[in-house]
Amino acid sequence: GGANTLGLSGIASDGRTLEGLLLQPLITANVPAASGMTLQDALLAGASALARIVGTQVQDAGRASTGLSIAARPRTGWIRLVEPKACSRCVILAGRFYRWSSGFDRHPMCKCRNIPASEDVEGIRPDTDPLAHFNSLSEAEQNKQFTKAGAQAIRDGADISRVVNARRGA
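Cut-offs applied
- Residues numbered from 1 in each chain as written.
- Predicted model: local features only at pLDDT ≥ 70, side-chain atom pairs only at ≥ 80, totals over all residues.
- Heavy atoms only, no water.
- Pairing = 2+ DSSP bridges.
- Helix = DSSP H or I, 4+ residues; strand = E, 2+ residues; numbered from the N terminus.
- Axes fitted to C-alpha atoms, helices over the stretch in contact; angles between N-to-C directions.
- Contact = heavy atoms within 4.5 Å.
- Buried < 20%, exposed > 50% of the residue type's maximum accessible area, 1.4 Å probe, protein only.
- Arc of directions from axis to C-beta.
- Expected span 1.5 Å × (residues − 1).
- Disulfide = S-S within 2.5 Å.
- Patch = residues over 30% accessible without salt bridge, like charges linked within 9 Å, V, L, I, M, F, W, Y side chains within 5 Å.
- Areas by Shrake-Rupley, 256 points an atom, 1.4 Å probe, with all protein chains shown as cover.
- Salt bridge = Lys/Arg side-chain N within 4 Å of Asp/Glu carboxyl O.

Q: With reference to specific residues and values, describe the sheet that holds strand 2 (residues 97-99).
A: Reading across from one edge, 2-1-3 is the order of the 3 strands in this open sheet, with antiparallel pairing throughout. In this open sheet, the two strands that pair with only one neighbour each are strand 2 and strand 3 (113-117). For this sheet the average axis-to-axis angle between neighbouring strands, irrespective of direction, equals 35°. For strand 1 (residues 77-81) and strand 2, the ladder comprises 3 bridges, and the chain directions are antiparallel. In the sheet register, Trp78 faces strand 2, and the bridge partner there is Tyr98. Across the face of the sheet, helix 3 (residues 39-71) comes into contact with strand 1, strand 2 and strand 3 while running at roughly 125° to strand 1.

Okay, here's the thing in C-alpha coordinates:
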(Lines give C-alpha, C1' and ligand atoms only; values in the text may rest on other atoms or scores of the structure.)
Protein backbone atom coordinates (compact mmCIF):
# COMPACT_ATOMS: atom_id res chain seq x y z
CA GLY A 1 0.00 0.00 0.00
CA GLY A 2 0.92 3.61 -0.37
CA ALA A 3 1.42 6.14 2.36
CA ASN A 4 0.42 9.78 2.51
CA THR A 5 3.62 11.33 3.84
CA LEU A 6 2.11 14.83 3.88
CA GLY A 7 0.72 13.93 7.29
CA LEU A 8 4.28 13.90 8.62
CA SER A 9 4.77 17.64 8.16
CA GLY A 10 3.11 20.74 9.54
CA ILE A 11 1.78 18.98 12.65
CA ALA A 12 3.65 18.81 15.95
CA SER A 13 4.02 15.43 17.62
CA ASP A 14 1.52 16.46 20.31
CA GLY A 15 -1.12 17.18 17.64
CA ARG A 16 -1.07 20.97 17.53
CA THR A 17 0.03 22.94 14.52
CA LEU A 18 3.76 23.27 14.06
CA GLU A 19 3.33 27.04 13.77
CA GLY A 20 1.66 27.13 17.19
CA LEU A 21 4.42 25.08 18.77
CA LEU A 22 7.12 27.25 17.22
CA LEU A 23 5.63 30.33 18.92
CA GLN A 24 6.64 28.87 22.29
CA PRO A 25 10.30 30.03 22.11
CA LEU A 26 9.08 33.58 21.46
CA ILE A 27 6.98 33.42 24.61
CA THR A 28 9.87 31.81 26.48
CA ALA A 29 12.11 34.74 25.53
CA ASN A 30 9.55 37.51 26.14
CA VAL A 31 8.28 36.51 29.58
CA PRO A 32 11.72 36.59 31.30
CA ALA A 33 12.61 39.80 29.46
CA ALA A 34 9.42 41.43 30.78
CA SER A 35 10.24 40.34 34.34
CA GLY A 36 13.68 41.99 34.36
CA MET A 37 16.00 39.34 32.94
CA THR A 38 18.69 40.69 30.67
CA LEU A 39 17.88 40.65 26.98
CA GLN A 40 20.79 38.32 26.28
CA ASP A 41 19.64 35.77 28.90
CA ALA A 42 16.04 35.95 27.67
CA LEU A 43 17.15 35.37 24.07
CA LEU A 44 19.33 32.44 25.18
CA ALA A 45 16.32 30.93 26.95
CA GLY A 46 14.26 31.30 23.78
CA ALA A 47 17.03 29.84 21.64
CA SER A 48 17.38 26.88 23.97
CA ALA A 49 13.62 26.23 23.80
CA LEU A 50 13.71 26.47 20.00
CA ALA A 51 16.62 24.01 19.72
CA ARG A 52 14.85 21.53 22.02
CA ILE A 53 11.57 21.82 20.10
CA VAL A 54 13.14 21.52 16.65
CA GLY A 55 15.30 18.57 17.71
CA THR A 56 12.33 16.75 19.21
CA GLN A 57 10.08 17.40 16.22
CA VAL A 58 12.70 16.23 13.71
CA GLN A 59 13.30 13.05 15.73
CA ASP A 60 9.56 12.44 16.10
CA ALA A 61 9.01 12.91 12.36
CA GLY A 62 11.80 10.41 11.69
CA ARG A 63 10.29 7.90 14.12
CA ALA A 64 6.84 8.37 12.60
CA SER A 65 8.11 7.89 9.05
CA THR A 66 10.04 4.77 10.04
CA GLY A 67 6.95 3.43 11.79
CA LEU A 68 4.87 4.18 8.71
CA SER A 69 7.28 2.28 6.49
CA ILE A 70 7.23 -0.67 8.88
CA ALA A 71 3.43 -0.70 9.01
CA ALA A 72 3.32 -0.82 5.20
CA ARG A 73 5.63 -3.85 4.95
CA PRO A 74 4.62 -7.37 5.90
CA ARG A 75 6.82 -9.32 8.34
CA THR A 76 8.60 -6.16 9.45
CA GLY A 77 8.82 -4.81 12.96
CA TRP A 78 11.31 -3.68 15.58
CA ILE A 79 13.93 -5.37 17.68
CA ARG A 80 15.03 -4.07 21.04
CA LEU A 81 18.66 -3.11 21.51
CA VAL A 82 20.12 -2.51 24.94
CA GLU A 83 22.92 -0.20 25.90
CA PRO A 84 25.77 -1.14 28.28
CA LYS A 85 24.16 0.40 31.38
CA ALA A 86 20.63 -0.85 30.74
CA CYS A 87 18.68 -2.10 33.74
CA SER A 88 18.25 -5.85 34.21
CA ARG A 89 14.59 -5.74 33.16
CA CYS A 90 15.56 -4.18 29.83
CA VAL A 91 18.45 -6.61 29.33
CA ILE A 92 16.19 -9.67 29.40
CA LEU A 93 14.12 -8.09 26.60
CA ALA A 94 17.15 -7.59 24.33
CA GLY A 95 16.48 -8.88 20.84
CA ARG A 96 12.75 -9.18 21.34
CA PHE A 97 10.84 -8.65 18.12
CA TYR A 98 7.86 -6.28 18.13
CA ARG A 99 5.41 -5.84 15.28
CA TRP A 100 4.72 -2.26 14.16
CA SER A 101 1.66 -2.01 16.38
CA SER A 102 3.28 -3.14 19.62
CA GLY A 103 6.23 -1.20 20.87
CA PHE A 104 7.93 -1.75 24.16
CA ASP A 105 7.45 0.17 27.36
CA ARG A 106 10.24 2.51 28.27
CA HIS A 107 10.94 3.80 31.72
CA PRO A 108 12.51 7.16 32.60
CA MET A 109 16.13 7.34 31.46
CA CYS A 110 15.78 4.03 29.58
CA LYS A 111 18.85 3.53 27.44
CA CYS A 112 17.23 0.98 25.11
CA ARG A 113 16.31 1.73 21.55
CA ASN A 114 14.56 -0.11 18.78
CA ILE A 115 15.63 -0.64 15.21
CA PRO A 116 13.67 -1.86 12.21
CA ALA A 117 14.01 -5.57 11.46
CA SER A 118 12.46 -7.98 9.01
CA GLU A 119 12.51 -10.84 11.48
CA ASP A 120 13.46 -11.77 15.02
CA VAL A 121 17.25 -11.57 15.04
CA GLU A 122 17.72 -12.47 18.68
CA GLY A 123 21.29 -13.42 19.46
CA ILE A 124 22.93 -12.06 16.32
CA ARG A 125 24.48 -9.10 18.15
CA PRO A 126 25.49 -8.71 21.81
CA ASP A 127 22.94 -5.93 22.20
CA THR A 128 20.18 -8.34 21.11
CA ASP A 129 21.22 -11.29 23.31
CA PRO A 130 20.60 -10.97 27.07
CA LEU A 131 23.22 -13.55 28.08
CA ALA A 132 25.85 -12.13 25.71
CA HIS A 133 25.18 -8.71 27.21
CA PHE A 134 25.54 -10.14 30.71
CA ASN A 135 28.81 -11.86 29.78
CA SER A 136 30.18 -8.63 28.28
CA LEU A 137 30.00 -6.95 31.70
CA SER A 138 32.66 -7.10 34.38
CA GLU A 139 31.75 -9.04 37.53
CA ALA A 140 31.25 -5.76 39.41
CA GLU A 141 28.89 -4.47 36.68
CA GLN A 142 27.00 -7.80 36.68
CA ASN A 143 26.56 -7.56 40.46
CA LYS A 144 25.36 -3.96 40.20
CA GLN A 145 22.83 -4.59 37.41
CA PHE A 146 21.54 -7.99 38.53
CA THR A 147 22.30 -7.94 42.31
CA LYS A 148 25.19 -9.94 43.71
CA ALA A 149 23.11 -13.09 44.33
CA GLY A 150 21.30 -12.80 41.00
CA ALA A 151 24.51 -12.32 39.04
CA GLN A 152 26.11 -15.30 40.80
CA ALA A 153 23.08 -17.45 39.97
CA ILE A 154 23.36 -16.47 36.29
CA ARG A 155 27.10 -17.20 36.33
CA ASP A 156 26.26 -20.61 37.85
CA GLY A 157 23.92 -21.38 34.93
CA ALA A 158 20.51 -20.08 36.04
CA ASP A 159 18.17 -18.72 33.38
CA ILE A 160 18.72 -14.95 33.19
CA SER A 161 15.03 -14.18 32.64
CA ARG A 162 13.94 -16.27 35.63
CA VAL A 163 16.52 -14.61 37.88
CA VAL A 164 15.38 -11.10 36.93
CA ASN A 165 11.68 -11.94 37.06
CA ALA A 166 12.08 -13.65 40.47
CA ARG A 167 13.04 -10.25 41.92
CA ARG A 168 10.00 -8.61 40.34
CA GLY A 169 7.73 -9.16 43.34
CA ALA A 170 10.43 -8.45 45.90
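From this point on, the discussion continues.
Q: Tell me about helix 7 (residues 148-155), and name the residues and values.
A: Each α-helix turn comprises 3.6 residues. Residues three or four places apart therefore point the same way. Gly150, Ala151 and Ile154 are the residues of helix 7 that are buried. For helix 7, the buried positions fall inside an angular range of 95° around the axis, keeping them on one side. Exposed and oriented more than 90 degrees from the buried face of helix 7 are Lys148 and Ala149. Looking at the packing, one finds that the buried side of helix 7 touches helix 5 (130-136), helix 6 (139-146) and helix 8 (160-166).

Q: Got a sec to walk through unusual backbone geometry? Specific residues and values, please.
A: One non-glycine residue, Thr147, lies in positive phi territory at about 70°. Relative accessible area serves as the criterion here: at 34%, Thr147 is assigned to the partly exposed category.

Q: Outline helix 3, supporting the account with residue identities and numerical values.
A: Between the first and last C-alpha of helix 3 there are 47 Å, a value that for 33 residues agrees with the 48 Å anticipated at 1.5 Å per step. Of all the residues in helix 3, the buried ones are Ala42, Gly46, Ala49, Ile53, Gln57 and Ile70. Contacts made by the buried residues of helix 3 are with helix 1 (18-21), helix 2 (24-34), strand 1, strand 2 and strand 3.

Q: For the state of the cysteines, give the residues involved together with the corresponding values.
A: Put plainly, two cysteines are in a disulfide when a covalent bond ties their sulfur atoms together. Considering all chains together, one arrives at 0 disulfides under this definition. Among the cysteines around Cys87, which has no disulfide bond, Cys90 carries the closest sulfur, lying 3.6 Å off. For Cys87, a relative accessible area of 29% translates into the label partly exposed. Under the relative-accessibility criterion, Cys90 is labelled buried at 3%.

Q: Which residues make up a nonpolar patch on the surface, and what are the values?
A: Among the surface-exposed residues, Leu22, Leu50, Val54 and Val58 lie close enough to one another that they form a single nonpolar patch of about 320 Å² accessible area. Structurally, the position occupied by Leu50 is in helix 3. Assessed through its relative accessible area of 37%, Leu50 is described here as partly exposed.

Q: So, the pairing of strand 1: which residues are in play, and what are the values?
A: Most of strand 1 sits inside the fold, with 5 of its 5 residues counted as buried. The pairing of strand 1 with strand 3 spans 5 bridges and is antiparallel. The residue of strand 3 that forms the bridge with Ile79 is Ile115.

Q: Requested: an account of the pattern of salt bridges, with residues and values cited.
A: Counting across every chain of the model gives 2 salt bridges. We note a salt bridge from Asp14 to Arg16, for which the minimum N-O separation is 2.8 Å. Arg155 serves as the salt-bridge partner of Glu139, at 3.9 Å between the closest nitrogen and oxygen. Pair noted here: Glu139 is in helix 6 and Arg155 is in helix 7, with a separation of 16 residues, a long-range link. Judged by its relative accessible area of 29%, Arg155 is partly exposed.

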